[in-house]
Amino acid sequence: LVRMATRDLEQCAALVGGSGHLSRMAGSEILYLQEVRAAGATSLVTEVGVRLQAHKTASGRVMLAHLPDAEVRAAFDTAGGSGFAALKKRLSLVAARGWDQEIEEITRGQASVAAPILDHLDRPAAAVAVTYPVGTPDVKVDAAIRALPPHRVAVTHERPRGDRGRGSCCCR
């Protein structure tokens, strides 16, 4: 999986001057399996082997959105979070649109878009994500989204202009 994703992640990272990531679920956390950075990109906490609480990241939420409620509840309770109802509402939206976005939730000045890689049973095998500086032009972010393999993410319509990575991103 890492070998298959690396080239696409490098291309997406270069398009936005940021980083590309591959992660998988590990209990209530996500485990980063791969990180690639464009030249001059900001160094992030998402190095290979790092674990973050799944419900706090776009990559984690796109995977949680494709799990049964009992597994989501178990992951959430294990992580010690509060606001499960709000999380479930967000996961419903994520499942419907097929992607999630975070803006400065993990790293100040950075935004990410993530999409799941589903296995043959429609369970999350992993997630791919692109992290880029807040304020990156919409055209570059849209190009990175389009560069993700089409069986994982497809841009469905234009993002609102002037969004600059702070609003909705239209991929599924």
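Look up a bit, the structure's there.
Residues numbered from 1 in each chain as written. Predicted model: local features only at pLDDT ≥ 70, side-chain atom pairs only at ≥ 80, totals over all residues. Heavy atoms only, no water.

Enquirer: Can you walk me through the pairing of strand β5 (residues 110-118) in this structure?
Expert: Along any regular strand the residues' side chains alternate between the sheet's two faces. In terms of burial, β5 is largely enclosed, as 8 of its 9 residues are buried. Where strand β4 (residues 100-103) folds back on β5, the antiparallel hairpin that results is connected by 6 residues, among which glutamate 104 adopts a positive phi of roughly 55 degrees. The turn linking β5 back onto strand β6 (residues 124-133) is made up of 5 residues, and aspartate 122 within it adopts a positive phi angle of 65 degrees. (Buried < 20%, exposed > 50% of the residue type's maximum accessible area, 1.4 Å probe, protein only. Helix = DSSP H or I, 4+ residues; strand = E, 2+ residues; numbered from the N terminus. Pairing = 2+ DSSP bridges.)

Enquirer: Explain the nonpolar core here, please?
Expert: Where a protein is soluble and globular, its nonpolar side chains tend to be buried together. In terms of nonpolar packing, the biggest core is built from 21 residues, with Ile30, Leu64 and Val72 touching the most fellow members. Among the elements of the structure, β2 (29-37), α2 (58-64), α3 (69-79), α4 (84-97) and β6 are those that each provide at least two residues to this core. Setting aside its immediate chain neighbours within four residues, valine 72 contacts Leu64, Leu67, Phe84, Leu87, Lys88 and Leu91. Core analysis: the second largest hydrophobic core is formed by 11 residues, Leu9, Ala41, Ile117 and Ala126 among them. (Core = buried A, V, L, I, M, F, W, Y, C linked by side-chain atoms within 4.5 Å. Contact = heavy atoms within 4.5 Å.)

Enquirer: Is there a simple way to think about α4 in this case?
Expert: Within an α-helix, residues lying three or four positions from one another point in the same direction, as the helix has 3.6 residues per turn. Look at α4: 20 Å from first C-alpha to last across 14 residues, which is about the 20 Å you get at 1.5 Å a residue. Residues Phe84, Leu87, Leu91 and Val94 constitute the buried set of α4. The buried side chains of α4 occupy one side of the element, clustering within an arc of 75 degrees when seen end-on. Counted as exposed and oriented over 90 degrees from the buried face of α4: Ala85, Ala86, Lys89 and Ala96. (Expected span 1.5 Å × (residues − 1). Arc of directions from axis to C-beta.)

Enquirer: Would you take a moment to explain unusual backbone geometry for this structure?
Expert: Phi at glutamate 104 is positive, roughly 55 degrees, even though this residue is not glycine. By secondary structure assignment, the location of glutamate 104 is in the loop between β4 and β5. Of note in this structure, aspartate 122 is not a glycine but carries a positive phi near 65 degrees. With respect to the helices and strands, aspartate 122 occurs in the loop between β5 and β6.

Enquirer: Even after reading the chapter, I still don't get the sheet that holds β5, so can you show me in this structure?
Expert: Think of a sheet as strands paired side by side through backbone hydrogen bonds, with each pair either parallel or antiparallel. Strands sit in the order β3-β2-β1-β6-β5-β4 across an open sheet of 6 strands; the sheet is antiparallel. Of all strands in the sheet, those with a lone pairing partner are β3 (51-53) and β4, marking the two edges. If you compare each strand with its neighbour and ignore which way they point, the axes differ by 30 degrees on average. Two strands pair when backbone bridges link them, and β4 and β5 are joined in this way by 4 bridges, in the antiparallel orientation. In the sheet register, glutamate 102 faces β5, and the bridge partner there is serine 112. Running at roughly 65 degrees to β2, helix α1 (residues 2-16) makes contact with β1 (19-26), β2 and β6 of the sheet. (Axes fitted to C-alpha atoms, helices over the stretch in contact; angles between N-to-C directions.)

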